[in-house]
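Listed below are the residues making up each chain.
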Amino acid sequence: IAAPMGSTAKEEMNKFWDKNVRLNRPMSPHITIYKWSVPMMMSIMHRGTGIGLTGAVSAFAMAALVLPGSYPYYLDLIHSLSIGPFLTGLAKFGIAFPLSYHTYNGIRHLCWDFGKGFKIPEVYSTGYTVIGLSVLTSRGAAM
């Protein structure tokens, strides 16, 4: 036999908010009060590239399953567009950057898992290293 609860979750939440209003407590801090920093932006980018890469791989796999034709057919189709070397390089960079950034930043996170690199100067220096390596790798892949 379960013992009856004294109050519902809704009642408890109402008590919580009534108490905060009565004591004139502010709402929890929001992102708008924080000063933007490199580690903050890198964290957001890491999540964004992870979501983007997952979506892209899923979309590519789904397209490979449902579209008629084979890979060489679609490769020839892209070649026939004659979009020029600048746009081709830009597309290659756009594909390579999220992959290289997410990979290098993932390695950085693995180092953190081992307890290395938590001092603020190290956080910034490894962050700039990740950005630099990502740009260089992507540029090399786009050539």
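- Looking at an unreviewed UniProt entry, the protein carries the name Succinate dehydrogenase cytochrome b560 subunit, mitochondrial, with the source organism given as Amphilophus citrinellus.
- Quoted verbatim from the Subcellular location (unreviewed entry) field of the UniProt record, the comment on the protein reads "Membrane".
- Per UniProt, the comment on the protein under Pathway (unreviewed entry) is "Carbohydrate metabolism; tricarboxylic acid cycle."

**Structural notes on the overall build of the protein**
Right, so step 1: Scanning the protein from N- to C-terminus turns up five helices and zero strands.
Right, so step 2: Taken from the N to the C terminus, the helices and strands of the protein come in the order α-α-α-α-α.
Right, so step 3: Relative to the globule expectation of 15 Å for 143 residues, the C-alpha radius of gyration of the protein, 24 Å, shows a markedly less compact shape.
Right, so step 4: Projected onto the principal axes, the alpha-carbon positions of the protein cover approximately 70 × 45 × 30 Å.
Right, so step 5: Each of the 143 residues in the protein was classed as buried or not, and the buried ones make up 15%.
Right, so step 6: Partitioning the intrachain contacts of the protein with sequence separation of at least 6 by distance along the chain shows that 77% fall at a separation of at least 24.
Right, so step 7: Within the structure as shown, the protein displays about 11,500 Å² of accessible surface, and the carbon and sulfur contribution to it stands at 72%.
Right, so step 8: In the protein, which carries 12 positive and 6 negative side-chain charges, the distance between the mean positions of the two groups comes to 9 Å.

**Let's talk about the packing of helix H4 (residues 84-113) against helix H5 (residues 120-142)**
Right, so step 1: Put simply, H4 and H5 touch, their axes get as near as 8 Å, and they point 150° apart. In terms of axis orientation, H4 runs roughly antiparallel to H5. Of the two elements, H4 crosses H5, and the hand of that crossing is right-handed. Between H4 and H5, the contacting residues are Gly89, Lys92, Phe93, Ala96, Phe97, Ser100, Tyr101, Tyr104, Asn105, Arg108 and Trp112 on the first element and Val123, Thr126, Gly127, Val130, Leu133, Ser134, Val135, Thr137, Ser138, Arg139, Ala141 and Ala142 on the second.

**Remarks on the UniProt feature "binding site: heme" (unreviewed entry) in the protein**
Right, so step 1: When the UniProt feature table is mapped onto this chain, "binding site: heme" (unreviewed entry) is found at His102.
Right, so step 2: For His102, the residues in contact, after removing those within four places along its chain, are His46, Thr49, Gly50 and Leu53.
Right, so step 3: Polar side-chain contacts of His102 include one of 3.5 Å to the backbone nitrogen of Gly50.

**Some thoughts on the pattern of salt bridges**
Right, so step 1: A full pass over the atoms with the stated rule returns one salt bridge.
Right, so step 2: In this structure, Glu12 engages Lys15 in a salt bridge whose closest nitrogen and oxygen atoms are separated by 3.2 Å. One end of the pair, Glu12, and the other, Lys15, are both in helix H1 (residues 9-22), three residues apart, so they sit about a helical turn from each other.

**Some words on a nonpolar patch on the surface**
Right, so step 1: Judged by side-chain polarity, Ile78, Leu81, Ile83, Phe86, Leu87 and Leu90 come together as a nonpolar surface patch covering roughly 630 Å² of accessible area.
Right, so step 2: With three residues, the top contributor of residues to the nonpolar patch is H4.
Right, so step 3: Along the chain, Leu81 falls in the loop between helix H3 (71-80) and H4.

Here is what the cut-offs are and how they apply
Residues numbered from 1 in each chain as written. Predicted model: local features only at pLDDT ≥ 70, side-chain atom pairs only at ≥ 80, totals over all residues. Heavy atoms only, no water. UniProt positions renumbered as here; feature names shortened; annotations may be inferred. Helix = DSSP H or I, 4+ residues; strand = E, 2+ residues; numbered from the N terminus. Rg over C-alpha atoms; globule rule 2.2 N^0.38 Å. Buried < 20%, exposed > 50% of the residue type's maximum accessible area, 1.4 Å probe, protein only. Contact = heavy atoms within 4.5 Å. Areas by Shrake-Rupley, 256 points an atom, 1.4 Å probe, with all protein chains shown as cover. Lys, Arg positive; Asp, Glu negative; His and termini not counted. Charge placed at Lys NZ, Arg CZ, Asp CG, Glu CD. Axes fitted to C-alpha atoms, helices over the stretch in contact; angles between N-to-C directions. Parallel < 35°, antiparallel > 145°, perpendicular 65-115°, else oblique. Left-handed = near helix turned anticlockwise from the far one by under 90°. Polar contact = N/O pair within 3.5 Å; in protein donor to acceptor, adjacent residues only side chain to side chain. Salt bridge = Lys/Arg side-chain N within 4 Å of Asp/Glu carboxyl O. Patch = residues over 30% accessible without salt bridge, like charges linked within 9 Å, V, L, I, M, F, W, Y side chains within 5 Å.

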